[in-house]
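Here are the chains, one letter per residue:
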Amino acid sequence: GDLFISNFADDKDIIFRSDDGSGGLAEYLRIDGGIVKTVFSKNFVASDNVKGQFGNSADMSIYHDGSNSYIKNDTGNLQFDAANDIIIDAGGGDVAFRDDSVEFGRILNTSGSMTLHAVTQDTDILFRGNDGGSTITALTLDMSNAGQANFNNDVRAGGDLRLTGGSGNIRSDNTFQFLEHSS
(Lines give C-alpha, C1' and ligand atoms only; values in the text may rest on other atoms or scores of the structure.)
Protein backbone atom coordinates (compact mmCIF):
# COMPACT_ATOMS: atom_id res chain seq x y z
CA GLY A 1 0.00 0.00 0.00
CA ASP A 2 0.87 3.69 0.06
CA LEU A 3 2.78 5.42 2.87
CA PHE A 4 1.10 8.57 4.23
CA ILE A 5 2.94 11.20 6.25
CA SER A 6 0.34 13.47 7.84
CA ASN A 7 0.15 16.31 10.32
CA PHE A 8 -3.39 16.99 11.53
CA ALA A 9 -2.53 20.03 13.67
CA ASP A 10 -3.98 23.30 12.27
CA ASP A 11 -1.44 25.62 10.55
CA LYS A 12 1.52 23.40 11.46
CA ASP A 13 4.30 21.98 9.31
CA ILE A 14 6.08 18.79 8.32
CA ILE A 15 9.79 19.56 8.45
CA PHE A 16 12.58 17.47 6.94
CA ARG A 17 15.92 18.11 8.63
CA SER A 18 19.37 16.57 8.34
CA ASP A 19 22.99 17.23 9.27
CA ASP A 20 24.17 20.71 8.26
CA GLY A 21 27.75 19.57 7.56
CA SER A 22 28.97 20.96 10.88
CA GLY A 23 27.42 18.54 13.37
CA GLY A 24 24.13 20.46 13.72
CA LEU A 25 20.73 20.14 12.11
CA ALA A 26 19.36 22.17 9.22
CA GLU A 27 15.94 22.31 7.61
CA TYR A 28 16.04 21.07 4.01
CA LEU A 29 12.33 20.83 3.16
CA ARG A 30 9.18 22.10 4.87
CA ILE A 31 5.58 21.37 4.01
CA ASP A 32 4.08 24.49 5.56
CA GLY A 33 0.44 24.18 6.66
CA GLY A 34 0.30 27.83 7.76
CA ILE A 35 1.04 29.32 4.31
CA VAL A 36 -0.08 26.21 2.38
CA LYS A 37 3.18 25.88 0.44
CA THR A 38 6.12 23.53 0.08
CA VAL A 39 9.33 25.36 0.99
CA PHE A 40 12.76 24.21 -0.17
CA SER A 41 15.19 25.56 2.42
CA LYS A 42 18.36 24.37 0.69
CA ASN A 43 19.48 24.02 -2.93
CA PHE A 44 18.37 20.90 -4.71
CA VAL A 45 20.06 19.11 -7.60
CA ALA A 46 18.32 17.33 -10.46
CA SER A 47 20.67 15.02 -12.35
CA ASP A 48 21.21 15.45 -16.11
CA ASN A 49 18.07 14.78 -18.17
CA VAL A 50 15.85 14.69 -15.06
CA LYS A 51 13.01 17.11 -15.69
CA GLY A 52 11.14 19.35 -13.33
CA GLN A 53 7.65 18.98 -14.79
CA PHE A 54 4.72 21.33 -14.28
CA GLY A 55 0.98 21.22 -15.07
CA ASN A 56 -1.54 18.38 -14.74
CA SER A 57 -0.26 16.85 -17.99
CA ALA A 58 3.42 17.65 -17.27
CA ASP A 59 3.33 19.84 -20.38
CA MET A 60 5.99 22.29 -19.16
CA SER A 61 9.45 21.17 -18.11
CA ILE A 62 12.86 22.51 -17.14
CA TYR A 63 15.96 20.36 -17.48
CA HIS A 64 19.67 20.16 -18.28
CA ASP A 65 21.15 17.47 -20.57
CA GLY A 66 24.78 17.80 -19.45
CA SER A 67 25.61 20.32 -22.19
CA ASN A 68 22.59 22.63 -22.60
CA SER A 69 19.64 23.78 -20.51
CA TYR A 70 16.01 23.82 -21.64
CA ILE A 71 12.66 25.34 -20.72
CA LYS A 72 10.11 23.44 -22.79
CA ASN A 73 6.44 24.32 -23.03
CA ASP A 74 4.28 21.83 -24.95
CA THR A 75 1.04 23.82 -24.84
CA GLY A 76 -0.03 27.45 -25.06
CA ASN A 77 2.36 30.38 -24.73
CA LEU A 78 5.44 30.78 -22.54
CA GLN A 79 5.06 34.18 -20.91
CA PHE A 80 7.74 36.14 -19.07
CA ASP A 81 6.31 38.73 -16.67
CA ALA A 82 8.78 40.76 -14.64
CA ALA A 83 8.18 43.58 -12.16
CA ASN A 84 11.14 45.35 -13.80
CA ASP A 85 13.22 44.57 -16.90
CA ILE A 86 13.73 41.26 -18.70
CA ILE A 87 17.44 40.82 -19.35
CA ILE A 88 18.95 38.32 -21.78
CA ASP A 89 22.66 37.84 -21.10
CA ALA A 90 24.18 35.66 -23.81
CA GLY A 91 27.86 34.99 -23.09
CA GLY A 92 28.37 33.95 -26.71
CA GLY A 93 27.03 37.31 -27.93
CA ASP A 94 24.21 35.86 -30.09
CA VAL A 95 20.46 35.49 -29.50
CA ALA A 96 18.81 33.20 -32.06
CA PHE A 97 15.11 33.19 -32.99
CA ARG A 98 13.59 29.93 -34.26
CA ASP A 99 10.21 28.63 -35.38
CA ASP A 100 9.86 24.83 -34.99
CA SER A 101 13.67 24.55 -34.71
CA VAL A 102 14.28 26.52 -37.94
CA GLU A 103 16.28 29.69 -37.33
CA PHE A 104 14.87 32.83 -38.98
CA GLY A 105 16.65 35.65 -37.17
CA ARG A 106 19.49 36.55 -34.86
CA ILE A 107 20.69 39.47 -32.78
CA LEU A 108 24.48 39.52 -32.55
CA ASN A 109 27.20 41.45 -30.81
CA THR A 110 29.52 42.17 -33.74
CA SER A 111 32.71 43.77 -32.37
CA GLY A 112 30.60 45.78 -29.91
CA SER A 113 27.93 46.75 -32.46
CA MET A 114 24.38 45.41 -32.26
CA THR A 115 23.55 43.53 -35.46
CA LEU A 116 20.05 42.45 -36.49
CA HIS A 117 20.38 39.54 -38.92
CA ALA A 118 17.64 37.90 -41.01
CA VAL A 119 19.32 34.54 -41.63
CA THR A 120 16.91 33.08 -44.18
CA GLN A 121 17.85 33.91 -47.77
CA ASP A 122 16.00 36.91 -49.26
CA THR A 123 13.79 37.38 -46.17
CA ASP A 124 12.91 41.01 -45.47
CA ILE A 125 13.11 42.86 -42.16
CA LEU A 126 9.88 44.73 -41.39
CA PHE A 127 9.32 47.60 -38.97
CA ARG A 128 5.64 47.68 -38.03
CA GLY A 129 3.54 49.85 -35.77
CA ASN A 130 0.02 50.94 -34.93
CA ASP A 131 -1.19 53.99 -36.87
CA GLY A 132 -4.62 55.09 -35.63
CA GLY A 133 -5.68 51.54 -34.79
CA SER A 134 -4.33 49.90 -37.96
CA THR A 135 -1.14 47.90 -38.23
CA ILE A 136 1.14 49.41 -40.85
CA THR A 137 4.57 48.49 -42.18
CA ALA A 138 6.57 51.71 -41.79
CA LEU A 139 9.81 50.38 -43.26
CA THR A 140 10.81 47.27 -45.18
CA LEU A 141 14.45 46.33 -45.66
CA ASP A 142 14.33 44.22 -48.83
CA MET A 143 17.04 41.56 -48.51
CA SER A 144 16.35 40.20 -52.00
CA ASN A 145 17.41 43.63 -53.30
CA ALA A 146 20.66 44.20 -51.37
CA GLY A 147 18.82 45.64 -48.35
CA GLN A 148 16.92 48.35 -50.22
CA ALA A 149 14.96 50.50 -47.73
CA ASN A 150 11.30 50.94 -48.68
CA PHE A 151 9.53 53.55 -46.56
CA ASN A 152 5.74 53.55 -46.44
CA ASN A 153 5.61 57.36 -46.27
CA ASP A 154 7.82 60.45 -46.14
CA VAL A 155 11.41 60.39 -44.95
CA ARG A 156 12.35 63.39 -42.84
CA ALA A 157 15.85 64.30 -41.75
CA GLY A 158 16.73 66.72 -38.97
CA GLY A 159 20.06 67.57 -40.58
CA ASP A 160 21.53 67.28 -44.05
CA LEU A 161 20.00 64.58 -46.24
CA ARG A 162 22.25 62.89 -48.79
CA LEU A 163 21.11 60.32 -51.32
CA THR A 164 23.91 58.73 -53.28
CA GLY A 165 23.36 56.72 -56.45
CA GLY A 166 25.46 55.13 -59.15
CA SER A 167 25.64 58.19 -61.42
CA GLY A 168 24.74 61.14 -59.23
CA ASN A 169 23.86 62.50 -55.84
CA ILE A 170 20.99 64.49 -54.38
CA ARG A 171 21.88 66.57 -51.38
CA SER A 172 19.83 68.95 -49.23
CA ASP A 173 21.21 71.11 -46.45
CA ASN A 174 17.76 72.36 -45.26
CA THR A 175 18.24 75.56 -47.30
CA PHE A 176 18.98 74.45 -50.87
CA GLN A 177 18.73 71.27 -52.85
CA PHE A 178 21.65 70.23 -55.01
CA LEU A 179 21.76 67.74 -57.84
CA GLU A 180 25.28 66.58 -58.51
CA HIS A 181 26.20 64.49 -61.49
CA SER A 182 29.35 62.45 -61.63
CA SER A 183 30.71 61.28 -64.96
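The structure we're discussing is the one just above.
Residues numbered from 1 in each chain as written. Predicted model: local features only at pLDDT ≥ 70, side-chain atom pairs only at ≥ 80, totals over all residues. Heavy atoms only, no water.

### Concerning the pairing of strand β1 (residues 13-19)
Looking at chain direction, β1 and strand β2 (residues 25-32) are connected through 7 bridges and run antiparallel. Residue pairing for β2: I15 is matched across the bridge by R30. Adjacent in sequence and paired antiparallel, β1 and β2 are bridged by 5 residues, among which G21 carries a positive phi angle near 90 degrees. (Pairing = 2+ DSSP bridges. Helix = DSSP H or I, 4+ residues; strand = E, 2+ residues; numbered from the N terminus.)

### Let's talk about the sheet that holds strand β3 (residues 37-40)
Taken together, 3 strands build an open sheet; the order of strands is β1-β2-β3 and the sheet is antiparallel. Edge positions in the open sheet fall to β1 and β3, since each of these has one partner strand only. Adjacent strand axes in the sheet meet at a mean angle of 20 degrees when their direction is disregarded. (Axes fitted to C-alpha atoms, helices over the stretch in contact; angles between N-to-C directions.)

### Considering unusual backbone geometry
For D11, which is not a glycine, the phi torsion comes out positive at approximately 55 degrees. The topology assignment puts D11 in the segment before β1. In this structure, V36 is a non-glycine residue whose phi angle is positive, near 55 degrees. Position of V36 among the secondary structure elements: in the loop between β2 and β3.

### With respect to a nonpolar patch on the surface
The grouping of F54, I62, I71, L78, F80, I86 and I88 at the surface amounts to a nonpolar patch, some 730 Å² of accessible area in total. Classification of I86 by relative accessible area gives exposed; the value is 54%. (Patch = residues over 30% accessible without salt bridge, like charges linked within 9 Å, V, L, I, M, F, W, Y side chains within 5 Å. Areas by Shrake-Rupley, 256 points an atom, 1.4 Å probe, with all protein chains shown as cover. Salt bridge = Lys/Arg side-chain N within 4 Å of Asp/Glu carboxyl O. Buried < 20%, exposed > 50% of the residue type's maximum accessible area, 1.4 Å probe, protein only.)

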